[in-house]
Number of protein chains: 2
Amino acid sequence: MSDSETSKRTRRGSGAITLHDVARLAGVSPITASRAINKPEQVSPELLKRVEDAVARTGYVPNRMAGGLASSRSKLIAAVVPSTVISVFNETIEALNNTLFDSGYQLMLGQSDYSSEREELLLDSVIGRRPDGIFLAGVMQPGKGRTRLMASGIPVVETWDLTPTPIDMLIGFSHKDIGLAVANYLIQKGKKHLAVIRAGDERADRRTVAYQEAIAQAGLPPPFVVNVGGERSIHSGRAAMAKILADAPKTDAVFCSSDLLALGALTEARHQNIEVPNQMAVMGFGDVPFVADMLPALTTVRINGGKIGQLAAQYLMDRAEGKTVSEPIVDVGFSIIERDTA
Amino acid sequence: MSDSETSKRTRRGSGAITLHDVARLAGVSPITASRAINKPEQVSPELLKRVEDAVARTGYVPNRMAGGLASSRSKLIAAVVPSTVISVFNETIEALNNTLFDSGYQLMLGQSDYSSEREELLLDSVIGRRPDGIFLAGVMQPGKGRTRLMASGIPVVETWDLTPTPIDMLIGFSHKDIGLAVANYLIQKGKKHLAVIRAGDERADRRTVAYQEAIAQAGLPPPFVVNVGGERSIHSGRAAMAKILADAPKTDAVFCSSDLLALGALTEARHQNIEVPNQMAVMGFGDVPFVADMLPALTTVRINGGKIGQLAAQYLMDRAEGKTVSEPIVDVGFSIIERDTA
DNA sequence: ATGAAAGCGCTAACAT
DNA sequence: ATGTTAGCGCTTTCAT
């Protein structure tokens, strides 16, 4: 209200209420106002109340960019995921976000679209924000991005995979073991002519290779493989199943790289009056929230995505606060959920 | 390498490479280094090259918190959505994120979980980051949150709905018109005993009320209503359909508040050998990416979510850059996609 | 085209 | 328990 500002160089900032305004109104020094807001136990009840009143009256919202700059603690966590639309990572992101929010952290979301070029751009953009931690969906392949990440010194958690050489922390499971387990599950169900509908990524590759190995070990003919590349949709699942039915008609079981692909395979099987699971077993991967309730209910590989997200958030926050994480590499495992389709 | 730092109060920052380091290495002043990076056309080729080399050699990544503080431009956009797991907003968020990223903006994601208490907390947290714009999934009800948002002066775009009193910009469509259109569509197909499976939110309410109106207008008996509250799953869709079949057996058409609910309804119908669409028509809402390829393919209301996201991003960025948005209120409409189930 | 000075809004470090 | 001072790393303003 009563301002007498005189300066040669003027450079009014955002115009928003600042800590100084609040302090002046409360009749205290800025640092006391800061403490009243962030560490109320360090301030006498009397002054605390005056500051609180001033905050309420002005509608002051602290500028976290300024705070972050001053304290080198941004209270930001970045997540880098390949895709956000109906992806297996959704549950993980939601859990991550919720856990972070409850402790006053904010989530920045970056999408790499399965492109490593874009991922590198994204990483620089992310590092520039100086987040207190970075969540990665997957394990980062060696390259410029990985190097820069390590150089940044920011705590990193890689997820949804296992590797002997993590950047930092790791919360995942073995894709190889899944390939093995699924093949053996199907074989034990009496299936003889296995197939696989796989995505183009490297994790799908490891599952497929293990699947092939287990099949070879059992003395069965090698599986028919359809690689759908980046097309993880129901549509491509249908097309893939059509191809299997046409080119490898003896097939009696298919392992799909994702639940969506499995749903597509199932759709095509129904379309062609193939009886599931006797004539054709179908398994998915991911156990996205709705496949349990469909008819037939999908037999699939379940990953506890929520647990991964929650744990990752905790680890990142612990590290941001200087604590050491006692078990920085965790295998959360997986389970085969037996339902109607296999 | 050769440092001789002497100061009484030491407070080493993050320890990362700063613009000063780059400038020193390039033999220019910090401001020249800054210009070389941000406005290269203002710097002579000679110095530009020296700065670029220094950046490459040091692996310098600008600290955007510092830059944001100095310029009052964070290059951050915040999105507030109720949920991220298989929600109709996913496509919008992805488009928003992609459009922003291409212009150097980053997305912060906040989840309100359909709770207005949480939404208020979230809003303060978001405002504290001083984003250049805020994306809202839905329109914000009057209240403390809305007031604070308006007071913040940050550009806001509300979406997925229409209102005569937007906070700022608005990109949506009429839920009332959808209720009307769906009812008339079903009626015109010869359906006489309509029902609705709705969620608990206010938008679903408006669709339902309009649906009831249109039915009344046509002289048909009022629809049987099942309110699933916050349970937007396939599971609750199944349960709701079971209830309809038990309590209102004459029902020959159901409009569902979401595609997932519709899928559940369809599942139950199949389970009870109800023939779709003749005996029972089912319509969804949202046209999530996979319902088109299922068997039967779902007849549903399609919203161009991608367009909303892309437009919202553009509007927010324009406003952040001081441009005026010529048409700040847009009705993107909707369409009924006729497929197998109605 | 380049640079010096000032300061964005906050908190860490050092008093008292 | 409260205050003073000096930055955090950058960009604006003004000068050359």
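Calculation rules
- Residues numbered from 1 in each chain as written.
- Chains lettered and ligands numbered in written order.
- Predicted model: local features only at pLDDT ≥ 70, side-chain atom pairs only at ≥ 80, totals over all residues.
- Heavy atoms only, no water.
- Contact = heavy atoms within 4.5 Å.
- Buried area = accessible area lost by both parts, 1.4 Å probe.
- Salt bridge = Lys/Arg side-chain N within 4 Å of Asp/Glu carboxyl O.
- Polar contact = N/O pair within 3.5 Å; in protein donor to acceptor, adjacent residues only side chain to side chain.
- Nonpolar A, V, L, I, M, F, W, Y, C, P; charged D, E, K, R; others polar.
- Pairing = 2+ DSSP bridges.
- Helix = DSSP H or I, 4+ residues; strand = E, 2+ residues; numbered from the N terminus.
- Buried < 20%, exposed > 50% of the residue type's maximum accessible area, 1.4 Å probe, protein only.
- pLDDT = per-residue confidence, 0-100.
- Near = heavy atom within 4 Å.

## Quick word on the interface of chain A and chain B
The interface is formed by 62 residues belonging to chain A together with 62 residues belonging to chain B. Summed over both sides, the interface between chain A and chain B buries roughly 5600 Å², with carbon and sulfur atoms accounting for 56% of that surface. Across the contact surface, chain A and chain B share 0 salt bridges. Inspection of the chain A/chain B interface yields 22 residue pairs in polar contact (both at pLDDT 80 or more). Split by residue class, the side of chain A that touches chain B holds 26 nonpolar, 21 polar and 15 charged. Taken together, the 3 bridges between strand β2 (residues 106-111) of chain A and strand β2 (residues 106-111) of chain B define a ladder with antiparallel strand orientation.

## Considerations on the side chain of S74 of chain B
Tracing the backbone shows S74 of chain B in the loop between α4 (64-71) and β1 (76-81). The buried category is assigned to S74 of chain B, whose relative accessible area is 1%. Reaching out from S74 of chain B, the side chain makes a polar contact with the backbone oxygen of R130 of chain B at a distance of 2.7 Å. When near neighbours in sequence (up to four residues on either side) are disregarded, S74 of chain B contacts M65 and R129 of chain A together with G68, R129, R130, P131 and D132 of chain B.

## A word on the confidence of the model for chain A
Confidence in the prediction for chain A averages 93 pLDDT; 96% of positions are at 70 or higher. Predicted confidence is poor over residues 1-8 of chain A, with pLDDT under 50, and the contacts of this stretch with residues over four places away or in other chains come to 1 contact.

## Describing the protein's contact with DNA strand C
Near DNA strand C, the surroundings consist of 31 residues, among which L19, S34 and Y60 of chain A together with T32 and R35 of chain B are the closest. For DNA strand C, the backbone portion of the atoms within 4 Å of the protein, that is sugar and phosphate, comes to 65%. Measuring from a phosphate oxygen of DNA strand C, one finds a side-chain N or O atom of Y60 of chain A at 2.3 Å. Here N63 of chain A contributes a backbone N or O atom positioned 3.2 Å from a phosphate oxygen of DNA strand C. Counting only elements with at least two residues in the surface near DNA strand C, the list comes to α2 (30-38) and α4 (64-71) of chain A together with α2 (30-38) and α4 of chain B. Counting residues per element, the surface near DNA strand C draws most heavily on α4 of chain A, at 4 residues. Counted by class, the surface near DNA strand C contains 12 nonpolar, 13 polar and 6 charged residues.

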